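# Overview (structure and organization)
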Amino acid sequence: MKYRGNIVEEIKIAYVGGGSRGWAWGLMSDLMTCSDISGSVSLYDIDLQAARSNEIIGNKFNGAPGGKSIWKYKAVETLEEALTGADFVVLSILPGTFDEMESDVHTPEKYGIYQSVGDTSGPGGILRAMRTVPMYEVIGEAVKNCCPEAWVINYTNPMTLCVKTLYRVFPEIRAFGCCHEVFGTQRFLAEVVEQELGVGPVERHEIKVNPVGVNHFTWLTEAKYRGMDLFPVYRAYCEKHPDGRGGEGPADSSWMNNAFACDEKVKMDLFLRFGQIAAAGDRHLAEFCEGKWYLESPGRVKEMHFGLTTVEWRKEDLIKRLARSARLVSGEEEVEIKGTGEEGVNQIRALLGLTELITNVNIPNRGQIPNLPLGAVVETNAVFRAGSLTPVFAGSIPQSIYPLISRICGEQEILSDAIARRDLEGIFQAFANDPLVTCGLEDARKLFEEMCRNTKAYLGMYGI
């Protein structure tokens, strides 16, 4: 890197999963909105052709209207080539294919277990972790050998297990996990402020929050707007809208079939139950609660106004994204510079000393949440400054929600250790105790073994 006044040039970013047909394009766009940073991006992917397509697409951004910087993209054939000399590493991979995810999400339905996402918690999240953690062991070792001083930004799920693995393999790594779920809750609270107080427009960043918990099961113990405590305002809103932000919702099953449907009804119900603000999308929150609460059946899902994201939908969406990739490569469709609202690029700028930023991240617990285990990966605010990432003391998990969060945190710790040891029985114990696994122990065993068989092509390290 080279500093020239308030501008940093020749930054090298390594993008692992650089054939991405989504996240990568968003990063390309966000980088172009910044006039004070420039450099190169090495794209590594096990699908080299996908990375080469993104090389073409990324370089097209340099000529797009509104661009404020220049970034050179290059697809590379090895992980080591991508990482060598990197200042920042972005991780965004799909562990396996959508065929494996189809088993993760839908095989449990034979036992009456429904999952709205299936990539973080529940049976699907556990099987996904079994595939992902060994990959992250390789990545962690490669970072240690090729770019030990680099900042590593993880977007892959299951977020907690990915970050935990990186620190287990390379304790000195400078890694953190990014998730936008808290941002969505801030935007929702901004809407609540506008409606309840008659002010606005209110921007997300004006809602100051104190997040605590684990990724996708994050809660806010404080929320303020210009110094005003929003808890009474939010309570009034929730009591006025028992059927969710949108009221009754569609009368037919189309609501349930919306892949990312969310009417905020789950998070408002959780607030009225426990007095703290659940701060993730309803689809994620539901998967960390007891299986009979919100995911007992498709009918219950419909009643709570959120969606079950089927893998069939994901496969159809991939076909559309592949077609878009071809159009972008050929020039039939022009690239467009449009900010995504993600914090990744601003985090990079802050770590370079170009700004200062406080935002939520996933990093090991160093005491920022005193009543969760030290070393467990937790989600709280952190301060980004030149060359440093410092967690903000968030305080203890409130008693009302502590049993919910501590159970999940404990399961993640057990699962991380069991996967590291390739201990199938230990993994099964975490599986059987997950809140979504509502079947009996014998059926849980059958389900676990079937899911392992279905995805055994990626589980050879376990002796399956």
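Refer to the structure above for everything that follows.
Residues numbered from 1 in each chain as written. Predicted model: local features only at pLDDT ≥ 70, side-chain atom pairs only at ≥ 80, totals over all residues. Heavy atoms only, no water.

Right, let's get into the overall build of the protein. Secondary structure assignment for the protein yields 18 helices and 14 strands. With respect to the principal axes defined by its C-alpha atoms, the protein has extents near 60 × 55 × 45 Å. The proportion of buried residues among the 464 residues of the protein is 57%. Counting only contacts in the protein whose residues sit at least 6 apart along the sequence, the fraction spanning at least 24 positions is 72%. Of the accessible surface of the protein, which amounts to about 18,400 Å², a share of 50% is contributed by carbon and sulfur atoms. (Helix = DSSP H or I, 4+ residues; strand = E, 2+ residues; numbered from the N terminus. Buried < 20%, exposed > 50% of the residue type's maximum accessible area, 1.4 Å probe, protein only. Contact = heavy atoms within 4.5 Å. Areas by Shrake-Rupley, 256 points an atom, 1.4 Å probe, with all protein chains shown as cover.)

If you walk through the whole model with that rule in mind, you get 16 aromatic pairs. Relative to phenylalanine 271, the ring of phenylalanine 231 has its centre 5.9 Å away and its plane inclined at 65°; by these criteria the two rings are edge-to-face. Within this pair, whereas phenylalanine 231 is found in helix α8 (residues 231-240), its partner phenylalanine 271 is found in helix α10 (residues 265-274), the two being separated by 40 residues in sequence. By relative accessible area, which is 14% here, phenylalanine 231 ends up buried. On the accessibility criterion, phenylalanine 271 (1% relative accessible area) is buried. Centroid distance tyrosine 234 to phenylalanine 271: 4.8 Å. Interplanar angle 65°. Geometry classified as edge-to-face. With tyrosine 234 in helix α8 and phenylalanine 271 in helix α10, this pair connects stretches of sequence that are 37 residues apart. Like phenylalanine 271, tyrosine 234 is buried. Here the aromatic residues Phe217, Trp219, Phe274, Phe288, Trp293 and Tyr294 are joined through ring pairs into a cluster of three or more. Note that arginine 422 overlies the ring of tyrosine 462, its terminal NZ or CZ placed 5.8 Å from the centroid. (Phe/Tyr/Trp six-rings, centres within 6.5 Å; stacked < 30°, edge-to-face > 60°. Lys NZ or Arg CZ within 6 Å of the ring centre and 35° of its normal.)

Locating arginine 283 in the fold gives a position in helix α11 (residues 282-288). Put simply, arginine 283 is tucked away with no salt bridge, and the nearest opposite charge, on glutamate 181, sits 5.7 Å away. In terms of polar contacts, arginine 283 uses its side chain to reach the side chain of threonine 309, at 2.9 Å. The contacts of arginine 283, once residues within four sequence positions are left out, are Ser116, Val117, Ala259, Phe260, Ala261, Phe306, Gly307, Thr309 and Arg314. (Lys, Arg positive; Asp, Glu negative; His and termini not counted. Salt bridge = Lys/Arg side-chain N within 4 Å of Asp/Glu carboxyl O. Polar contact = N/O pair within 3.5 Å; in protein donor to acceptor, adjacent residues only side chain to side chain.)

This brings us to the nonpolar core. The biggest cluster of nonpolar side chains holds 56 residues, and the ones touching the most others in it are Met130, Phe217, Trp219, Leu270, Ile427 and Phe431. In terms of residue count, the dominant contributor to this core is helix α16 (residues 402-420) (seven residues). Look past the residues within four positions of methionine 130 in its chain and what remains in contact with it is Ile419, Leu424, Ile427, Phe448, Cys452, Leu459, Tyr462 and Ile464. Of all hydrophobic cores here, the second largest spans 42 residues; its members include Tyr15, Tyr155, Phe176 and Val345. (Core = buried A, V, L, I, M, F, W, Y, C linked by side-chain atoms within 4.5 Å.)

Bridge count between strand β6 (residues 151-154) and strand β7 (residues 174-177): four bridges; the pairing is parallel. Paired with isoleucine 153 across the strands is phenylalanine 176, a residue of β7. Between β6 and its parallel partner β7, the chain crosses via helix α6 (residues 159-169), and the hand of that crossover is right-handed. (Pairing = 2+ DSSP bridges. Right-handed = clockwise from strand over helix to strand, strands pointing away.)

This brings us to helix α17 (residues 424-432). Restricting attention to buried positions, one finds in α17 the residues Gly426, Ile427, Phe428, Ala430, Phe431 and Ala432. Here the buried face of α17 lies against α5 (122-146), α16 and α18 (441-454).

In this section: the packing of α17 against α18. For the pair α17 and α18, the least separation of the axes is 10 Å and the interaxial angle reads 120°. On the basis of their axis angle, the class for α17 and α18 is oblique. For α17 against α18, the interelement crossing comes out right-handed. Across the interface between the two elements, Leu424, Glu425, Ile427, Phe428, Phe431 and Ala432 from α17 touch Leu441, Ala444, Arg445, Leu447, Phe448 and Met451 from α18. In terms of residue class, the contact of α17 with α18 is made up of 10 nonpolar, no polar and two charged. (Axes fitted to C-alpha atoms, helices over the stretch in contact; angles between N-to-C directions. Parallel < 35°, antiparallel > 145°, perpendicular 65-115°, else oblique. Left-handed = near helix turned anticlockwise from the far one by under 90°. Nonpolar A, V, L, I, M, F, W, Y, C, P; charged D, E, K, R; others polar.)

Together, Leu197, Val199 and Met228 make up a nonpolar patch on the protein surface, roughly 210 Å² of accessible area in all. For leucine 197, a relative accessible area of 34% puts it in the partly exposed group. (Patch = residues over 30% accessible without salt bridge, like charges linked within 9 Å, V, L, I, M, F, W, Y side chains within 5 Å.)

Attention now moves to the packing of helix α7 (residues 181-197) against α8. Their axes nearest at 10 Å, the elements α7 and α8 cross at an angle of 85°. As summarised for this structure, α7 and α8 are arranged roughly perpendicular, according to the angle between their axes. Where α7 abuts α8, its residues Phe188, Leu189, Val192, Gln195, Glu196 and Leu197 lie against Val233, Tyr234, Ala236, Tyr237 and Lys240. Of the residues belonging to the contact of α7 with α8, the class tally is eight nonpolar, one polar and two charged.

Tracing the chain through its elements places isoleucine 369 in the loop between β12 (357-364) and β13 (377-385). Overall, isoleucine 369 belongs to the buried group, its relative accessible area being 0%. The spacing of isoleucine 369 and glutamine 399 is 30 residues in sequence and 13 Å in space, taken between C-alpha atoms. Sequence-distant contacts of isoleucine 369, that is, excluding residues within four places in its chain, are made with Val212, Gly213, Val378, Glu379, Thr380, Ala394, Gly395 and Ile397.

If charged atoms from side chains of opposite charge come close, those side chains can pair. If you walk through the whole model with that rule in mind, you get 31 salt bridges. For glutamate 413, the salt bridge identified is with lysine 164, shortest N-O distance 3.1 Å. Note that glutamate 413 is positioned in helix α16 and lysine 164 in helix α6, a separation of 249 residues in sequence. Given the relative accessible area of 24%, glutamate 413 is considered partly exposed. When salt bridges with common partners are traced through the structure, they connect Glu191, Arg245, Glu264, Lys267 and Asp282 into a single cluster.

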